[in-house]
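Analysis of the macromolecular model
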Amino acid sequence: MSGSGVDETASPRLRRDRAPHPSAPITLQGPGLGSHVRVPLGETGFEVFPLFLGGGEFGWNVDAAASHDILDAYAELGGNALHTADSYAAGRSEYIIGEWMRSRRMRDDTVLTVRVGRHPDNPGLDSVNLVRAVEASLTRLGTDRIDVLSLDAARGDTAMLEDTLATSEWLVEAGKVRAIGAHGYTAAQLVEARILSSAGYPRITVLDVPYNVLRRSEFDGDVRLIASAQNMAVTPSHPLAHGFLAGETRTRGQSTQSVRGSQVAAHLNRRGSRVLRALDAVGSELGIPDAAVAVAWLLAQKIVTAPIVNAFAPRHVVECMRAVGVRLSRAQLSDIARAAE
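Read on for a plain summary of the structure. (Residues numbered from 1 in each chain as written. Predicted model: local features only at pLDDT ≥ 70, side-chain atom pairs only at ≥ 80, totals over all residues. Heavy atoms only, no water.)

**Quick notes on the overall build of the protein chain**
The condition that has to hold: Helix and strand definitions here come from DSSP, where helices need a minimum of 4 consecutive H or I residues and strands a minimum of 2 consecutive E residues; each element is numbered from the N-terminal end. Exposure classes here rest on a 1.4 Å probe applied to the protein chains alone. A residue is buried below 20% of its type maximum, exposed above 50%, and partly exposed in between. Accessible areas in this description were obtained via Shrake-Rupley with a 1.4 Å probe; residue shielding takes into account the shown protein chains only.
The number of helices and strands found in the protein chain is eleven helices and ten strands. Taken across its 341 residues, the protein chain has 57% of its residues classed as buried. In the structure as shown, the protein chain presents an accessible area of about 14800 Å², 50% of it carried by carbon and sulfur atoms.

Shown next as structure tokens:
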């Protein structure tokens, strides 16, 4: 099987004047074709493109104008699912996404996931800070509702889960939030949340968890079993291991003196090199970049609904979206997993 043939040197604003071939991967023939590719986001009732565009770089490493170009490229290729957090660039990511949705009139066509719990002005998931965080996010985003509110307990939040879910219930009933997701919850907390849902509290229906071919231990095990048993939509963050799996940095001399550079450098070892060689081999066979192979590996995991990919430039969006039109063979999946052992 071959991958898609997007010209990486061309603008992602692809031509609309070609007739699509019936067997072509979705990103081959240009804008709009991906708009027909949708998967259910668990039990939320939303249908999403099977790849979220994350706003983790917006307002931090990418300015507003470049962020809008990235968002345009994603939407033009059929994407409709965005993820951000109130802590990304201290809220600037939300503001940039909000401005884009307003200027492009895309709010009603976008499924918006917002993670809260780490903004310094409203830290934690207690009732007061949770309400304040949601109100602040709505203001920055310039919208009246959040489609999926992701509760971030990754730093050991001490708020009582029942209080958090009770406040979430009020937010849902008030129309400010449509569905509830989770990030950083333990297996025991997810079980407790499901028990509380039987008493009428909102169900956690989306699980955001760091997961990629190099980082599996946090998810594989009890959390994965519970997510599967509860029919959660799993939306893995860090699918490219902070960009390492894109294969553009292979020596320490190439890594930059920055937070992102240090995160990439952490994988510059024998195991990381083995994985990149495995991605190279599969990518060469299919005609797709390493980033697309890494995302395709995640999409091949039955429990995964839509990975969350951050991007520095429109071409990164094009590369990652090519994964949706690819199906890896069992041998290819095995080779990649074996390299990561």
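**Side note on the packing of aromatic side chains**
Applicable threshold: Each pair of aromatic rings taken from Phe, Tyr and Trp, with Trp reduced to its six-membered ring, is defined by centres within 6.5 Å and is described as stacked if the planes are under 30 degrees apart, edge-to-face if over 60, and tilted in the remaining cases.
In total, this model carries three aromatic pairs according to the counting rule given. With centroids separated by 6.4 Å and ring planes inclined at 90°, the aromatic side chains of Phe 49 and Tyr 74 adopt a geometry described as edge-to-face. Here Tyr 74 lies in helix α1 (residues 64-76) and Phe 49 lies in the loop between β2 (47-48) and β3 (52-54), a separation of 25 residues in the sequence. Of the two residues, Phe 49 and Tyr 74, both sit in the buried class.

**Overview of the pattern of salt bridges**
Our working definition: What makes a salt bridge here is a side-chain nitrogen of Lys or Arg within 4 Å of a carboxyl oxygen of Asp or Glu, nothing more.
All chains considered together, the criterion is met by 15 salt bridges. Between Arg 140 and Glu 94 there is a salt bridge whose closest N-O contact spans 2.6 Å. Taken together, the residues span a long stretch of sequence, with Arg 140 in helix α3 (residues 127-141) and Glu 94 in helix α2 (residues 92-104) at a distance of 46 residues. Residue Arg 140 shares its accessibility class with Glu 94, and that shared class is buried. Close ionic contact of Arg 215 with Glu 218 constitutes a salt bridge, the shortest N to O distance being 2.4 Å. Look at the salt bridges and you will find they share partners, linking Asp 108, Asp 144 and Arg 145 into a network.

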